[in-house]
Amino acid sequence: MITDRPASDDKAARRAVTVFPVLVLVAGAAGLVSPGTFAGWTSSVPYLLGTVMFCMGLTMTPLDFRGVAKRPWAVAIGLVAHYVIMPGLGWLIAHVLGLPPQLAAGVILVGCAPSGTASNVVTFLARGDVALSVSVATVSTVLAPLVTPPLTLLLAGAYIPVDAGSMMTDILKTVLLPVLGGLLVRLVAGKLVDRVLGLMPWLSSLAVAAIVAAVVAGSASAIKSAAVSVLIAVVLHNGFGLALGYGVGKATGLGRPASRAMAFEVGMQNSGLAASLATAHFSPLAALPAAVFSVWHNISGALVAAWLSHRSRHGRPAPAGAGHALATTTAEEA
């Protein structure tokens, strides 16, 4: 007999995608209203991101990589779609809207970032293929040091100078090493980590909120004039990413659950990484699109997931990997 997933899992996932954007929105408002309070936080952004990625590593297991070996073709489609569609959309939207150089570079950088792991939870809510979602998010994060800098140089280099080598080093230090460190700790002290695993999403959420507060505070004086154009760019970027990701899944014959996973793996970004890189290599203003994206893609993702779930027939089995999705709720952000 087909059994539905536990109601507690749905409640936990919905709470995750509701509380996180609210927390980030409050942090952004605080940075805007009282920028002086967070004036000294900018230098801490890379360390905050490192904390987020370490928490992500703690939630990972070898099963995440085993899933890649079992379905290499589907994962490869997801990776190519993510790193082609979102960077291309970022460049196109920045060009069509005629954004100033710093904002244009910021939008493009968001597009060049790896998948956001909140996509795993949203895929779960949408009754999509969570195992595929986890695999694509994991591999896109591991590949980020090799892919994000050259893509940013290629697409944003016409707007502002981009030091791809330095950016690659920063991603290695603030993303890959913390993720590998967390994974190592999980392998060595798995039982101890399991006891505190429930705290990881909340710690990650607080770190991402602090990043957003620092980013907004750093560009508070320019936000009023740029807010509308940035919001339009972010909504278009995310919306087209979700739609095209789903379309790629359908066009390649992956099936409905996998297509739903593809939508969120393409349309949702690690905006915490984008904000950190923009702050370090461009300017606080260039980090503004990432801060707005951090809030918006969780809201839009939750709404789209609710709509897709509503369309599904009742009594469908829980998507594979659902438990892991809840464990990795917001090791992002991003």
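Computed from a prediction, not measured in an experiment: that's the story for all the values here. (Residues numbered from 1 in each chain as written. Predicted model: local features only at pLDDT ≥ 70, side-chain atom pairs only at ≥ 80, totals over all residues. Heavy atoms only, no water.)

(A) Structural view of the overall build of the chain. The number of helices and strands found in the chain is 15 helices and zero strands. The 334 residues of the chain split such that 57% are buried. Taking the contacts inside the chain whose residues are at least 6 apart along the sequence as the reference set, 87% of them involve residues at least 24 apart. Put simply, the chain shows about 13,300 Å² of open surface, and 71% of that area lies on carbon and sulfur atoms. (Helix = DSSP H or I, 4+ residues; strand = E, 2+ residues; numbered from the N terminus. Buried < 20%, exposed > 50% of the residue type's maximum accessible area, 1.4 Å probe, protein only. Contact = heavy atoms within 4.5 Å. Areas by Shrake-Rupley, 256 points an atom, 1.4 Å probe, with all protein chains shown as cover.)

(B) Representation of the packing of aromatic side chains in the model. Per the stated rule, a full pass over the model turns up one aromatic pair. Between Phe38 and Trp41 the ring centres are 4.8 Å apart and the planes differ by 85 degrees, which places this aromatic pair in the edge-to-face class. Taking relative accessible area as the criterion, Phe38 reaches 12% and is therefore assigned buried. (Phe/Tyr/Trp six-rings, centres within 6.5 Å; stacked < 30°, edge-to-face > 60°.)

(C) The layout of surface pockets, seen in detail. Roughly 370 Å³ of internal volume is contained in the largest pocket. Of all the elements in the fold, those that place two or more residues in the lining of the largest pocket are α1 (7-33), α10 (200-218), α11 (220-251) and α14 (288-311). Among the elements that take part in the lining of the largest pocket, α14 stands out by supplying six residues, more than any other. Taken together, the residues that form the lining of the largest pocket break down as 16 nonpolar, one polar and no charged. (1 Å grid on protein atoms, 1.4 Å probe; cavity = no way out; pocket = protein on both sides within 12 Å on 5 of 7 lines; lining within 4 Å. Points joined across faces, edges and corners; volume = space filled by probe spheres on them. Nonpolar A, V, L, I, M, F, W, Y, C, P; charged D, E, K, R; others polar.)

(D) Spatial organisation of the packing of helix α5 (residues 101-112) against helix α7 (residues 130-156). At a minimum axis distance of 9 Å, the contact between α5 and α7 shows a crossing angle of 145 degrees. Every pair of crossing elements has a handedness; the one defined by α5 and α7 is right-handed. Along its contact with α5, which presents Ala105, Ile108, Leu109 and Cys112, the element α7 presents Thr148, Leu151, Thr152, Leu155 and Ala156. (Axes fitted to C-alpha atoms, helices over the stretch in contact; angles between N-to-C directions. Left-handed = near helix turned anticlockwise from the far one by under 90°.)

(E) Highlighting the environment of Ser219. With respect to the secondary-structure elements, Ser219 resides in the loop between α10 and α11. For Ser219, a relative accessible area of 3% gives the class buried. For the pair formed by Ser219 and Leu32, sequence separation is 187 residues and the distance between their alpha carbons is 8.4 Å. With sequence-adjacent residues up to four places away left out, Ser219 is seen in contact with Pro284, Leu285 and Leu288.

(F) Representation of the packing of α10 against α14 within the structure. For the pair α10 and α14, interaxial distance at closest approach is 9 Å and the crossing angle is 140 degrees. When the axes of α10 and α14 are compared, the pair comes out oblique. Remark: the crossing between α10 and α14 carries left-handed chirality. Residue-level contacts link Val208, Val212, Val215 and Val216 of α10 to Leu288, Ala291 and Ser294 of α14. A class-by-class count of the residues in the contact of α10 with α14 yields six nonpolar, one polar and no charged. (Parallel < 35°, antiparallel > 145°, perpendicular 65-115°, else oblique.)

(G) Summary view of the side chain of Asp129. Residue position: Asp129 is located in the loop between α6 (118-125) and α7. You can call Asp129 buried: its relative accessible area is 13%. Among the polar contacts listed, one links the side chain of Asp129 to the side chain of Arg71, at a separation of 2.8 Å. A polar contact of 3.4 Å, which involves the side chain of Asp129, links it to the backbone nitrogen of Ala131. Beyond its immediate chain neighbours, meaning those up to four positions away, Asp129 contacts Arg71, Thr123, Pro257, Ala258 and Ala261. (Polar contact = N/O pair within 3.5 Å; in protein donor to acceptor, adjacent residues only side chain to side chain.)

(H) Molecular detail of α5. Helix length check: α5 (12 residues) gives 16 Å between terminal C-alpha atoms against 16 Å at 1.5 Å per residue, within 8%. Residues of α5 that are buried sit in contact with α4 (72-97), α7, α8 (164-188), α11, α13 (271-281) and α14. (Expected span 1.5 Å × (residues − 1).)

(I) Quick peek at the side chain of Gln269. With respect to the helices, strands and loops of the structure, Gln269 is situated in the loop between α12 (256-267) and α13. Of note is the side chain of Gln269, whose polar atom sits 3.1 Å from the backbone oxygen of Ala113.

(J) Broad picture of a nonpolar patch on the surface. Judged by side-chain polarity, Trp91, Leu92, Val96, Leu97, Val228, Ile232, Leu236, Phe240 and Leu244 come together as a nonpolar surface patch covering roughly 800 Å² of accessible area. Sorting the residues of the nonpolar patch by element identifies α4 and α11 as the ones contributing at least two each. Top contributing element to the nonpolar patch by residue count: α11, with five residues. The class of Leu92 is partly exposed, set by a relative accessible area of 41%. (Patch = residues over 30% accessible without salt bridge, like charges linked within 9 Å, V, L, I, M, F, W, Y side chains within 5 Å. Salt bridge = Lys/Arg side-chain N within 4 Å of Asp/Glu carboxyl O.)

(K) Region of the structure containing the confidence of the model for the chain. When pLDDT is averaged across the chain, the result is 83; 87% of the residues are at 70 or more. Taking the mean pLDDT of every element in the chain, the minimum, 48, falls on helix α15 (residues 322-327) and the maximum, 96, on α5. Taken together, the stretch residues 317-323 has pLDDT below 50 and engages in 14 contacts with residues farther than four places along the chain or on a different chain. Low confidence marks residues 329-333, where pLDDT is under 50. Its contacts with residues over four positions away, or in another chain, come to 34 contacts. (pLDDT = per-residue confidence, 0-100.)

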